[in-house]
Amino acid sequence: MTDTTRHRNGFAHAHDGTALAYQREGSGPPLVLLAGQANNHRWWEGIRTDFHTTHSTITLDYRGTGVSDKPQEGYSTRQFADDVIAVLDELRIERADVYGTSMGGRVAQWVAADHPGRVGRLVLGCTSPGGSHAVERDVSVRRALAQPDPEAVQQALIDLMYSPTWLAGHPGPYTTLGDPGMPPHARRGHLLASNRHDAWDVLPAISAPTLILHGDQDRLTPPDNLPLLAARIPGSRTHVFPGARHAYFEECRTEASAMVTAFLSDGLRPKV
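The structure presented is a predicted model; accordingly, all values stated were derived computationally and were not measured. (Residues numbered from 1 in each chain as written. Predicted model: local features only at pLDDT ≥ 70, side-chain atom pairs only at ≥ 80, totals over all residues. Heavy atoms only, no water.)

Asker: Pulling in residues and values, what's your account of the packing of aromatic side chains?
Answerer: The description of an aromatic ring pair rests on the distance of the ring centres and on the angle between the ring planes. Going through the model one piece at a time under the given rule, you end up with 11 aromatic pairs. Taking 5.2 Å as the distance between ring centres and 35 degrees as the angle between the ring planes, the aromatic pair formed by Tyr162 and Tyr174 counts as tilted. Here Tyr162, found in the loop between helix H4 (150-161) and helix H5 (164-169), pairs with Tyr174, found in the loop between H5 and helix H6 (184-195); they are 12 residues apart in sequence, far enough to count as distant. Between Trp166 and Tyr174, the ring centres sit 6.5 Å apart and the planes meet at 45 degrees, which makes this aromatic pair tilted. (Phe/Tyr/Trp six-rings, centres within 6.5 Å; stacked < 30°, edge-to-face > 60°. Helix = DSSP H or I, 4+ residues; strand = E, 2+ residues; numbered from the N terminus.)

In C-alpha cells form, the structure reads like this:
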C-alpha cells in the first residue's frame, strides 16, 4: 500500500467493540510502536521522529489508556496484540514492522507469533518471555512500586527508568511513567496482563527477523531475559546498552534509534 499521509488520528474497533485510538505520523512503510504497561502513545513522544527518515510510525492508546475505551474486562497481552491487528485492519495495512518495549515487547511477541503474515521485522526492547521461565525483578523493586504514596512510586519509577547521570541532564517531564488518567480497574487490568504474560511456548514459531535490545542496568525487567528470548526466537540478533536502565531507548537514543533504523532498513532493501 502506498500512503503519503503525514498525520492521521482515528479509532479502530476491537472484535468486542472496544474503541481503540491510534495515531499515524510520517510517510513511508509502517512501523508500529508499542508502549509499556499502563502507558498510552505518549511513551514514544521523545523519539518517534527518529524513525521518520525511513518509516511512518503508528501508535495506539491501549484499551484502558488515553482516549481509548476503558472496559471493565478484556486485559491481556494477547488481547492487546489482537487490538494492534484491529488498528492495522482499520488503516488497511497488510504488513508492518513492529517495535515493542517493556509490556509492549510482550504484546509484540504475540503479534508476531499469532499473526506472522502481518509482521515484517520485529524489535523487542527491555522485555521478557513471561511465565515461569522469565527472570523476575527483585523484591525491593516490587516493594518500591507498591508504596501507598503516589509521589514515592513516581520517584521510584524515574530511578528504574533512567540512570542518575542521564537524569542530571534531562530534568523532565518524562512520558514513560504511566497514564495518569487511567481508572483503577484499567490500571489493575494492565498489571495483571503484564504479570500473566507467558509466550514461552510460541516464541520458536516467530518467523520475523528479530532484534532484541536491553540495558544492562535494568532492574525493572532484568537483562538476563534477553538471552532467554534470543535462545527461543530463531536467528534473532541482540544488543545490550552498557549503563542503561529500563528506558534505554531514551537514554541511549542516538545509538538505539540508529540501530533499530538500520535493522528495519535491511528489510527494505531489494533481494539480489
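There is more to say, and it comes next.
Asker: Help me get a handle on the sheet that holds strand E1 (residues 7-13), residues and values and all.
Answerer: The sheet built from 8 strands is open, its strands ordered E1-E2-E4-E3-E5-E6-E7-E8 with mixed pairing. Unpaired on one side and paired on the other, E1 and strand E8 (237-241) mark the two borders of the sheet. Taking the axes of each pair of neighbouring strands and ignoring which way they run, one obtains an average angle of 20 degrees across the sheet. Summarising the sheet, strand E3 (residues 30-34) and strand E5 (residues 96-101) pair through 4 bridges and their orientation is parallel. Within E5, the position partnered with Leu31 by the bridge is Asp97. (Pairing = 2+ DSSP bridges. Axes fitted to C-alpha atoms, helices over the stretch in contact; angles between N-to-C directions.)

Asker: A description of the environment of Thr165 should follow, citing residues and the corresponding values.
Answerer: Mapped onto the secondary structure, Thr165 falls in helix H5. Spatially, the C-alpha atoms of Thr165 and Gly243 are 9.6 Å apart, while their sequence positions differ by 78 residues.

Asker: Please provide a residue-by-residue account of the nonpolar core, values included.
Answerer: Of all hydrophobic cores here, the largest spans 74 residues; its most connected members are Leu34, Tyr99, Leu122 and Tyr248. With residues near it in sequence (within four places) discarded, Leu122 still touches Val98, Ala108, Ala112, Ile206, Ala208, Pro209, Thr210, Leu211 and Phe263. (Core = buried A, V, L, I, M, F, W, Y, C linked by side-chain atoms within 4.5 Å. Buried < 20%, exposed > 50% of the residue type's maximum accessible area, 1.4 Å probe, protein only. Contact = heavy atoms within 4.5 Å.)

Asker: Describe the pattern of salt bridges, naming the residues involved and giving the relevant values.
Answerer: Counted by the stated rule, this structure contains 11 salt bridges. A salt bridge links Asp16 to Arg63, with the shortest nitrogen-to-oxygen separation between them at 2.9 Å. In this pair, Asp16 sits in the loop between E1 and strand E2 (19-25) while Arg63 sits in the loop between strand E4 (56-60) and helix H1 (77-90), placing the two residues 47 residues apart along the sequence. Asp16 sits in the partly exposed class, given a relative accessible area of 41%. (Salt bridge = Lys/Arg side-chain N within 4 Å of Asp/Glu carboxyl O.)

Asker: Hey, could you go over the side chain of His55 for me, with residue numbers and the actual values?
Answerer: Structurally, the position occupied by His55 is in the loop between E3 and E4. On the basis of relative accessible area, His55 is assigned to the buried category, the value being 0%. Side-chain polar atoms of His55 contact the side chain of Thr54, separated by 2.7 Å. Within polar-contact distance, the side chain of His55 engages the side chain of Asp97 at 3.0 Å. The residues touching His55, leaving out its near neighbours within four places in the chain, are Ser27, Gly28, Pro29, Pro30, Leu31, Asp97, Leu264 and Leu268. (Polar contact = N/O pair within 3.5 Å; in protein donor to acceptor, adjacent residues only side chain to side chain.)

Asker: Tell me about the pairing of E2, and please be specific about residues and values.
Answerer: Counting buried positions over the 7 residues of E2 gives 6, a clear majority of the element. Examined bridge by bridge, E1 and E2 share 7 bridges and lie antiparallel to one another. The residue bridging Ala12 from the neighbouring strand is Leu20, located in E2. Where E2 meets E4, 4 bridges bridge the pair, whose relative direction is antiparallel. Residue pairing across strands places Tyr22 opposite Leu60, the latter belonging to E4.

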